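Examination of the molecular architecture
Listed here are the chains, written in short residue letters.
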Amino acid sequence: MKTYMSDQEDQMTLEPQGEDAPVQDQSAVDALETVIEVDHVNFAYIPGTDVLKDISMNINKGEVTAFIGPSGCGKSTLLRCLNRMNDLIPKAGLTQGEIRILGTDIYHPEVDVIELRKHVGMVFQKYNPFPKSIYENVAYGLRIQGVNRKSVLDEAVESSLKLAGLWDEVKDRLDSSGLGLSGGQQQRLCIARTIAVQPKIILMDEPCSALDPISTTIIEELITQLKQEFTIVIVTHNMQQATRVSDRTAYFYLGELIEMDVTTKIFTNPSQQKTEEYISGRFG
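Predicted model only: the values in this text are computed from it and were never measured. Residue positions are given per chain, counted from 1 along the sequence in the order it is written. Per-residue local features are limited, in this predicted model, to residues with pLDDT of at least 70; the limit for side-chain atom pairs, both in listing and counting, is 80 or more; totals at the level of whole chains, interfaces and linings are taken over all residues. Computation of side-chain values: all heavy atoms of the structure, hydrogens and water removed.

Some points on the sheet that holds strand S10 (residues 231-235)
Across a sheet, paired strands are connected by hydrogen bonds in the backbone, their directions being either parallel or antiparallel. The criterion, for reference: Strands are treated as partners if at least two bridges between them are detected by DSSP. In DSSP terms, a helix is any run of H or I states spanning at least four residues, a strand is any run of E spanning at least two, and both are numbered starting from the N terminus. Axis definition: a line fitted to C-alpha atoms, limited for helices to the stretch in contact. Angles are taken between N-to-C directions and run from 0 to 180 degrees. Only heavy atoms enter the contact rule, under which two residues are in contact if any of them lie within 4.5 Å.
Across the sheet, six strands lie side by side as S8-S9-S10-S5-S11-S12; this open sheet has mixed pairing. The open sheet is flanked by strand S8 (120-123) and strand S12 (256-262), the only strands paired with a single partner. Along the sheet, successive strands turn relative to each other by an average axial angle of 20°, direction set aside. In terms of strand pairing, strand S5 (residues 64-68) meets strand S11 (residues 248-253) through four bridges, oriented parallel. Looking at S11, one finds that threonine 65 is bridged to arginine 248. Contacting S5, strand S9 (201-205) and S10, helix H8 (residues 213-226) crosses the sheet at an angle of about 150° to S10.

Right under this line is the structure:
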């Protein structure tokens, strides 16, 4: 039986637990090359109508993986399966297969979904800062976890804002509302809020679609920097963006994974004709 546990220092780790499963130490977890395994997954919003069909893929530690494909192809659905956001939709769920993160079946009935989402953070299409100060936006997740010591929060807020490339722009107004920032700054604030709780994986659902070109460039540069610390999965309709930020790209069509490979190969020499037709603009 597998579940999520916290270690004694409140550093969140994923460990398989139970009589039949040996406990992995953190060094073994950190050494894993593959952190997400999607194994023959089907998913349905309405029972009997699968919108994802037999999806299998591995996602590697420290890489940016891009999901591309036309609207309605299933890429955002799969992304939300990775931290069980789809659980919020009545009757929706996997109808086949497993998704394993750090070796743990995240759909096992005893998995703590709240704990899962500490490991697998999410940045949404539309930036959504809370109606709180910049400081409290970043500190929010830590406070939920029971962290209230000011020195710890101060350090986490500063380091997270620095990682998000926002510190120099807001360090003198941390008590100001996060809603007063520009759109690009608000999205980076949401990224800082996500990384403050130290997830292993960051999911990004079209994080630049509501941003201007300058803000988009800043976010793309940030993604490239963040992969030094996190594994990132991004859904994008912008194929040029996929070529700029991702190491590997997966192309979806009508709920099926058509092809997944190194990004340069997908965009220069794809193996599947359907992929070639999409990236060349012949449809989609």
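Let's pick the thread back up.
Digging into the side chain of threonine 249
Worth spelling out the cut-off: Any pair of N or O atoms that falls within 3.5 Å is considered a polar contact. Within protein, one atom must be able to donate a hydrogen and the other to accept it, and sequence-neighbouring residues count only if both atoms are side-chain atoms.
Locating threonine 249 in the fold gives a position in strand S11. Among the polar contacts made by the side chain of threonine 249, one reaches the side chain of serine 246 at a distance of 3.2 Å. In terms of polar contacts, threonine 249 uses its side chain to reach the side chain of threonine 263, at 2.8 Å. Among residues more than four places away in sequence, those in contact with threonine 249 are Ala66, Ile68, Ala242, Glu259, Met260, Asp261, Thr263, Ile266 and Phe267.

Here's the deal with the packing of aromatic side chains
What counts is decided by this rule: Centres within 6.5 Å make a pair out of two Phe, Tyr or Trp rings, where for Trp the six-membered ring is used; the pair is then stacked when the planes are under 30 degrees apart, edge-to-face when over 60, and tilted otherwise. Summary of the burial criterion: residues with accessible area below 20% of their type's maximum are buried, those above 50% are exposed, and those between are partly exposed, where the area comes from a 1.4 Å probe applied to protein chains only. Charge-over-ring contacts are defined here by two conditions on Lys NZ or Arg CZ: a distance within 6 Å of the ring centre and an angle within 35 degrees of the ring normal.
Under the defined criterion, the tally for this structure stands at four aromatic pairs. On the numbers, 4.9 Å between centres and 20° between planes, the contact of tyrosine 251 with tyrosine 278 is stacked. Taken together, the positions of tyrosine 251 in strand S11 and tyrosine 278 in helix H11 (residues 273-279) put the pair 27 residues apart, joining distant regions of the chain. By the burial criterion, tyrosine 251 is buried, and tyrosine 278 matches it. We note arginine 84 situated over the ring of tyrosine 107; from NZ or CZ to the ring centre the distance is 5.0 Å. A cation over an aromatic ring shows up here: arginine 193 above the ring of phenylalanine 130, its NZ or CZ 4.1 Å from the ring centre.

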